[in-house]
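Single-letter residue listing:
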Amino acid sequence: MAKFCIHCGKPLEEGEVCTCEEAVAENNASQTETPETQTPVEEKTVETPVTPSPQPTTNAESSANNASSNEFVEKLKLVFTKFADYFKSPTGTAKEFAAKNDALYGILMICVNLIVLFLLTLILISAGADALRSIPILGIMLGASAFPIALTVTAIFAAYYFAMAGMLTLTTKSMFKGNLTFSQSVSIVGVNAFINAIIICAAMILILIIPTLGMIVLYLGLIYSSFMEYVTYIEMANISSDKKAYALLISFIGVILAVFLTSTLMGAIVGSSMSNSFSNSIGFDYNSYY
């Protein structure tokens, strides 16, 4: 009687064993051992941020300083190149500087006046010191140096110029609602100050030669420069005539107060030095006498 495999139904001979189970087992084993195909993973490159190295600022700073220095020198040159225009057309020159809307021009002109005034006062007082020291009281008050007196005169004129510029701006712009700025006011006053510096130099030279003529030039020149200052303000201020008159009056009162306070302050400083000089001189004479 023929036999059949109970798994696959294959007919078998007497004593034959079917190998279907072994084939199935080997097939399963081969599938298990076959490696799975892996999808390659892209590697991501992490970029390290680069910190920019600080740029040297020395060259930039030096360039800026050189540019500012050159600008200052150019402005100073322009102030002196207008030498003839200060007398030909002082009003037009003041308007030209005011149109630049830069207060440095006016400040430079005022500083030129103050430097000239200080040096001339120092030279004149030092030159006349011998004659003054021959007078007992004046010689003691003068002391050993003319520097305090020259500094006092310079401080008084500085108070006048800057107080005038400030008061013209304050009265015109703040009180009477005009459009006069400080740079414009200081340009008006600066032209007056530069004219005064030239007049003072010329007058002092004439005083050494012809004293009377030198004093006349000094007085008339100062009156002329002050008059042109007021005329320039009247033309530049955009307020009514009545308000201009009040603005000038109030400004003049403010300038007087500023000059008075400066004179009092400098008098206290210089006076104390003169007092010490007087005490030292008396003490020295007393000790040497005894």
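The preceding data block contains the structure.
Throughout, residues of each chain are indexed from 1 in the direction in which the sequence is written. A pLDDT threshold of at least 70 governs which residues receive local features in this predicted model, and a stricter bar of 80 or more applies before side-chain atom pairs are shown or counted, although totals over entire chains, interfaces and linings include all residues. Heavy atoms throughout the structure, all of them, feed into the side-chain values; hydrogens and water do not.

(A) Quick peek at helix H5 (residues 103-127). The way it works is that DSSP assigns letters per residue, a run of H or I at least four long becomes a helix, a run of E at least two long becomes a strand, and they are numbered from the N terminus. By definition here, a helix of n residues has an expected span of 1.5 Å times n minus one. With 25 residues, H5 extends 36 Å from end C-alpha to end C-alpha; this agrees with the ideal 36 Å at 1.5 Å per step. Under this definition, polar contacts are N or O atom pairs within 3.5 Å; protein pairs additionally need one hydrogen-donor-capable and one acceptor-capable atom, and for neighbouring residues in sequence, both atoms have to be side-chain atoms. Sitting at the head of H5, aspartate 102 places a side-chain oxygen 3.1 Å from the backbone nitrogen of leucine 104.

(B) Here's a closer look at the packing of helix H9 (residues 182-209) against helix H10 (residues 211-236). Taken N-terminus to C-terminus, the directions of H9 and H10 make an angle of 170 degrees; their axes are 8 Å apart at the nearest point. Classified by the angle their axes make, H9 and H10 are roughly antiparallel. Here the contact of H9 with H10 is composed, by residue class, of 18 nonpolar, 8 polar and 1 charged. A fitted line through C-alpha atoms represents every axis, and for helices the fit uses only the stretch in contact; the resulting angles, taken between N-to-C directions, go from 0 to 180 degrees. Here roughly perpendicular refers to angles of 65 to 115 degrees, roughly parallel to angles under 35, roughly antiparallel to angles over 145, and oblique to all remaining angles. Throughout, the ten residues Ala, Val, Leu, Ile, Met, Phe, Trp, Tyr, Cys and Pro are labelled nonpolar, Asp, Glu, Lys and Arg are labelled charged, and all others, Gly among them, are labelled polar.

(C) Representation of unusual backbone geometry. With a phi angle near 55 degrees, asparagine 101 is a residue other than glycine that sits in the positive phi range. Position of asparagine 101 among the secondary structure elements: in the loop between helix H4 (90-99) and H5. One non-glycine residue, lysine 177, adopts positive backbone phi at about 60 degrees. Summarising the element assignment, lysine 177 is placed in the loop between helix H8 (147-175) and H9.

(D) Up close: the pattern of salt bridges. Each salt bridge in this description consists of a side-chain nitrogen of Lys or Arg and a carboxyl oxygen of Asp or Glu lying within 4 Å of one another. Within this structure, the stated rule accounts for 5 salt bridges. Between lysine 82 and aspartate 85 there is a salt bridge; the shortest N-O distance is 4.0 Å. Here the term buried applies to any residue with accessible area under 20% of the maximum for its type, exposed to any over 50%, and partly exposed to those in between, with areas from a 1.4 Å probe on protein chains only. Among the residues examined, lysine 82 registers a relative accessible area of 14% and is labelled buried. Exposure remark for aspartate 85: the relative accessible area of 28% places this residue in the partly exposed category. The shortest N-O distance in the salt bridge between lysine 82 and glutamate 96 comes to 2.8 Å. Within this pair, whereas lysine 82 is found in the loop between helix H2 (58-81) and helix H3 (85-88), its partner glutamate 96 is found in helix H4, the two being separated by 14 residues in sequence.

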